[in-house]
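This is what each chain is made of:
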Amino acid sequence: MMNDGLMNDIRLTNLSQVISARWLGQALDPVVEYLLTDSRQHTAQASATLFIGLRTALNDGARFAAQAYQQGIRMFLVNEGSEAYLSDYEDVAVLVVEDTLVALQQMAAYKRSLYSGPVIGITGSNGKTVVKEWLYQLLKDDYVITRSPKSYNSQIGVPLSVWQLSDQTTLAIFEAGISQPGEMAKLEAVIRPTMGVITYIGAEHGENFESLEQKRAEKMRLFAHCDTVIEDPMHQNARTCAMVMRALGYDEETITHRILHQTHETVLQVNLSALVDNVRYFRSLLRPETRLTCMVKAFAYGAGSVDVSLALQRCGLVDYLAVAVADEGVELRKAGITMPIIIMDPEVSAMDLILENNLEPNIYSFESLNMVLQATRDKGLEHYPIHIKIDSGMHRLGFYHEQMPRLIAQLSEPHNACVRVCSVFSHLAGSDEAQFDDFTLGQIRYFDSCAEQLKAGLGYDMMKHILNSAGIERFTPYQFDMCRLGIGLYGFSFNNVTLRNVCTLKTTILSIKTVKQGETIGYGRHTTLSEDRQIAVIPIGYADGFDRRFSNYGNEVLVRGKRCPVVGNVCMDQAMIDITGTDAQIGDYVEIFGDHLPLMELSDKLQTIPYEVLTSVSRRVTRQYFYE
């Protein structure tokens, strides 16, 4: 399906006419590629971005126009009366309308009118985002898909989603949610779906509707111009997706194969909304000016570095990312990550990659310093950002206090102006344990002394940071200029605060059989049954990260809300569980860890830490990302 080639060339004059705007300022007429409603989330090309000052009962987004201007944006859409926020700028084009929300929806509807391919519109009370993401995974090999990011399904989120349509799009999937009567008609005009999908409609968010019937009738308005409307009476996500695939013309063999692959396998589900909410919690403990680095090394602790980093970049709450080695940083750059990235363990052989990809190396010894100095001089660079590590008591990597004069002298040499210290930092050895608090405070004092000596000796300012996730919660006054967030991203609090679980490891039941009393289970015959039991096989083993120490009643999994013990030895690719009394069926989900089986419980059984369990989930396990 080819489009008309117009969606990538929408200009400001086009939009001005569509929304009947009053034009102020310069006669700028660039292509408008991006719409921005929150200046904190600006990551796109400024010259092609239109900033929209949405007005609410409590605020006027035009108040933040100055911040958008400082980021290079020169096109603005504001409400009547709000143009004064831009009166100091002469090099801007300002569109003025009665209602910027209505204008946003009109612009998105205009762009939708230029698209001639199929559009799937999804609504319901529960399951919208899951069905949308499953359809994307099922269909992405056959279509260039534009879909709602996160759970963008509101009066603002829907037009922002639809605006993503491009001349390359061959299938669009958008979700729509409403909170009161009259809203869906506005969203229908923006999405104008050709195929409708209804997920479960229940009482959730129904306070503004007189009845469930009225709520359903309002949601059905999304399908006013649909050729096909799909609703599974059982409200099962997999069945709904299969029905959509049939409507798109897929044969049963393809549908069965893809649905089984999507839903009946071992997967690590990563809730990116929960991840961002956890960032917000830790950010709430910091001063507004304190910067935040998120650690995404080791495949983002097993969660998937690219998708996690993209979510962190989009949320606008994070200032830096940090990885262990150069290859990890290069992967993020190739995926579109533009944020500063610190390389914690730069290798000699990777210096060209580091510099070519604008990655910032950690300097932890004179050998590593000389390596970076030589590489930056060879390329004729000036003031390339580096980060100096202090060994304050971890005794792993870093400079000692007595090495500061030599370090200052070397960095101060004129021919070493090829680098500039961006930050100085250290690692805490036991910030999560109260028994080490005196040691931790000693580390902080030692680090601060080294950092201040370095700053005074070099004669310029630099960021200081030492707090990790536990440190942010337990030693908040020592946040200095920046903090580093790692395991806290995934819902681990060291002050017993309830955070959101991010990662859920799930698999399914492959087979079920009755095994008689006296029989043994698995390799080595280590489990002998004392009575007849129902034994299920699940497709997860130690090659997937399901530790062999879980064998023979060493762990439990969750099936239909009941804990079921692991029996027999865990194999490389499979494990056996006792499901007696659960009424479980082949294909049922099995939770390994997640909302109902905390990751900490597994790590305690292994006498290790959650980091190890999470990072042990092998890359052959499919990662599924969603916002909810």
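> What's the story with the overall build of the chain in this structure? I'm lost.
Of the regular secondary structure elements, the chain holds 20 helices and 29 strands. Computed over the C-alpha atoms, the radius of gyration of the chain is 28 Å, within 12% of the 25 Å expected from 2.2 N^0.38 for a compact globule of 628 residues. Across its three principal directions, the C-alpha atoms of the chain cover 85 × 75 × 45 Å. For the chain, with 628 residues in total, the buried portion stands at 54%. The long-range fraction of contacts in the chain, counting pairs at least 24 apart against all pairs at least 6 apart in sequence, stands at 67%. Carbon together with sulfur atoms contributes 48% to the accessible area of the chain, which is approximately 27,100 Å² in total.

> Whenever I open this one, the packing of helix H4 (residues 128–139) against helix H8 (residues 237–247) confuses me. Can you help?
Packed helix pairs are characterised by how far apart their axes lie and by the angle those axes make with each other. Look at H4 against H8: their axes get within 10 Å of each other, and the N-to-C directions meet at 50°. One finds that H4 runs oblique with respect to H8. Crossing handedness for the pair H4 and H8: right-handed. Only Asn237, Ala238, Thr240, Cys241, Val244 and Met245 of H8 make contact with H4, whose side of the interface consists of Val130, Val131, Trp134, Leu135, Leu138 and Leu139.

> What should I look at first to understand the sheet that holds strand E19 (residues 482–485) in this one?
Sheet strands pair via backbone hydrogen bonds, and the direction of the pair is either parallel or antiparallel. The strand order E18-E17-E16-E15-E14-E13-E12-E19 describes an open sheet built from 8 strands, whose pairing is parallel. The open sheet has two free edges, formed respectively by strand E18 (463–465) and E19, since each of these has just one partner strand. Strand-to-strand twist of the sheet, defined as the mean angle between neighbouring strand axes without regard to direction, takes the value 30°. For strand E15 (residues 360–363) and strand E16 (residues 384–390), the ladder comprises 2 bridges, and the chain directions are parallel.

> What am I meant to see in the pattern of salt bridges here?
Note on pairing: side chains with opposite charge can pair once their charged atoms come close. Under the definition given, this model contains 34 salt bridges. As a salt-bridge pair, Asp9 and Arg11 come within 3.6 Å of each other at their nearest N and O atoms. Of the residues examined, Asp9 reaches a relative accessible area of 41% and is grouped as partly exposed. The exposure class assigned to Arg11 is partly exposed, which follows from its relative accessible area of 31%. When the shortest N-O distance is used, the salt bridge between Arg533 and Asp578 registers 2.8 Å. Here Arg533 is found in strand E24 (residues 533–538), whereas its partner Asp578 is found in strand E27 (residues 575–578), with 45 residues between them in sequence. With a relative accessible area of 5%, Asp578 lands in the buried category. Here the salt bridges share partners, and the residues they tie into one network are Asp448, Glu452, Lys455, Asp461 and Lys464.

> Could you clarify how one ought to interpret the packing of aromatic side chains in this entry?
Two aromatic rings, taken as a pair, are described by how far apart their centres are and by the angle between their planes. Counted under the stated rule, the structure contains 8 aromatic pairs. Measuring from centroid to centroid gives 5.8 Å for Tyr301 and Tyr611, while their planes differ by 40°, and the two rings are tilted. Residue Tyr301 is located in helix H11 (residues 297–301), and its partner Tyr611 is located in helix H20 (residues 610–615); the two are separated by 310 residues in the primary sequence. Seen from their ring centres, Phe447 and Phe480 are 5.6 Å apart, and the 70° between their planes marks the pair as edge-to-face.

> Explain the sheet that holds strand E7 (residues 145–147) here, please?
Reading across from one edge, E7-E8-E6-E9-E10 is the order of the 5 strands in this open sheet, with parallel pairing throughout. Of all strands in the sheet, those with a lone pairing partner are E7 and strand E10 (228–231), marking the two edges. Shown here is a sheet whose adjacent strand axes are inclined to one another by a mean of 15°, direction ignored. Judged from the 4 bridges that link them, strand E6 (residues 119–123) and strand E8 (residues 171–175) form a sheet pairing that is parallel.

> In this structure, what is going on with the environment of Gly518? I would like to understand it.
Structurally, Gly518 is set in the loop between strand E21 (511–515) and strand E22 (520–521). Accessibility expressed as a relative area gives 44% for Gly518, which makes it partly exposed. Sequence spacing of Gly518 and Glu556 is 38 residues, and the spatial spacing of their C-alpha atoms is 22 Å. Here Gly518 is in contact with Thr528 and Leu529, once residues within four sequence places are set aside.

> Mind showing me how you'd approach unusual backbone geometry here?
Positive phi outside glycine occurs at Asn358, with the angle close to 55°. Topologically, Asn358 is positioned in the loop between helix H14 (351–356) and E15. A positive phi angle, close to 60°, is found at Asp583, a residue other than glycine. Of note, Asp583 is situated in the loop between E27 and strand E28 (589–593).

> Would you take a moment to explain the nonpolar core for this structure?
A general trend in soluble globular proteins is that nonpolar side chains are found buried together. Counting residues in hydrophobic clusters, the biggest one holds 117 residues, and the most contacted among them are Leu312, Leu321, Ile388, Leu454, Tyr490, Ile592 and Phe593. At 7 residues, the largest contribution of residues to this core is made by helix H10 (residues 272–284). With 42 residues, the next largest nonpolar core counts Ala108, Tyr115, Phe174 and Ile201 among its residues.

> How should I be thinking about the environment of Cys226 in this particular structure?
Its location among the elements puts Cys226 in the loop between helix H7 (212–220) and E10. Note: C-alpha distance between Cys226 and Glu433 (207 residues apart in sequence) is 59 Å. Those residues in contact with Cys226 that sit more than four places away from it in its chain are Pro193, Thr194, Met195 and Gly196.

> What am I meant to see in helix H15 (residues 366–378) here?
Each α-helix winds once per 3.6 residues, and so residues spaced three or four apart point in a common direction. Over its 13 residues, H15 extends 18 Å from the first C-alpha to the last, a length consistent with the 18 Å expected when each residue adds 1.5 Å. Once H15 ends, the next one or two residues include Gly380, with phi positive near 70°.

> What's the story with the pairing of E28 in this structure? I'm lost.
Residues in a regular strand point their side chains to alternate faces of the sheet. Of all 5 residues making up E28, 4 are buried, and the element is well covered by its neighbours. Bridge analysis of strand E20 (residues 503–508) against E28 gives 4 bridges, and the strand direction is antiparallel. Bridge assignment links Thr507 to a residue of E28, and that residue is Val590.

Criteria and cut-off values
- Residues numbered from 1 in each chain as written.
- Predicted model: local features only at pLDDT ≥ 70, side-chain atom pairs only at ≥ 80, totals over all residues.
- Heavy atoms only, no water.
- Helix = DSSP H or I, 4+ residues; strand = E, 2+ residues; numbered from the N terminus.
- Rg over C-alpha atoms; globule rule 2.2 N^0.38 Å.
- Buried < 20%, exposed > 50% of the residue type's maximum accessible area, 1.4 Å probe, protein only.
- Contact = heavy atoms within 4.5 Å.
- Areas by Shrake-Rupley, 256 points an atom, 1.4 Å probe, with all protein chains shown as cover.
- Axes fitted to C-alpha atoms, helices over the stretch in contact; angles between N-to-C directions.
- Parallel < 35°, antiparallel > 145°, perpendicular 65-115°, else oblique.
- Left-handed = near helix turned anticlockwise from the far one by under 90°.
- Pairing = 2+ DSSP bridges.
- Salt bridge = Lys/Arg side-chain N within 4 Å of Asp/Glu carboxyl O.
- Phe/Tyr/Trp six-rings, centres within 6.5 Å; stacked < 30°, edge-to-face > 60°.
- Core = buried A, V, L, I, M, F, W, Y, C linked by side-chain atoms within 4.5 Å.
- Expected span 1.5 Å × (residues − 1).

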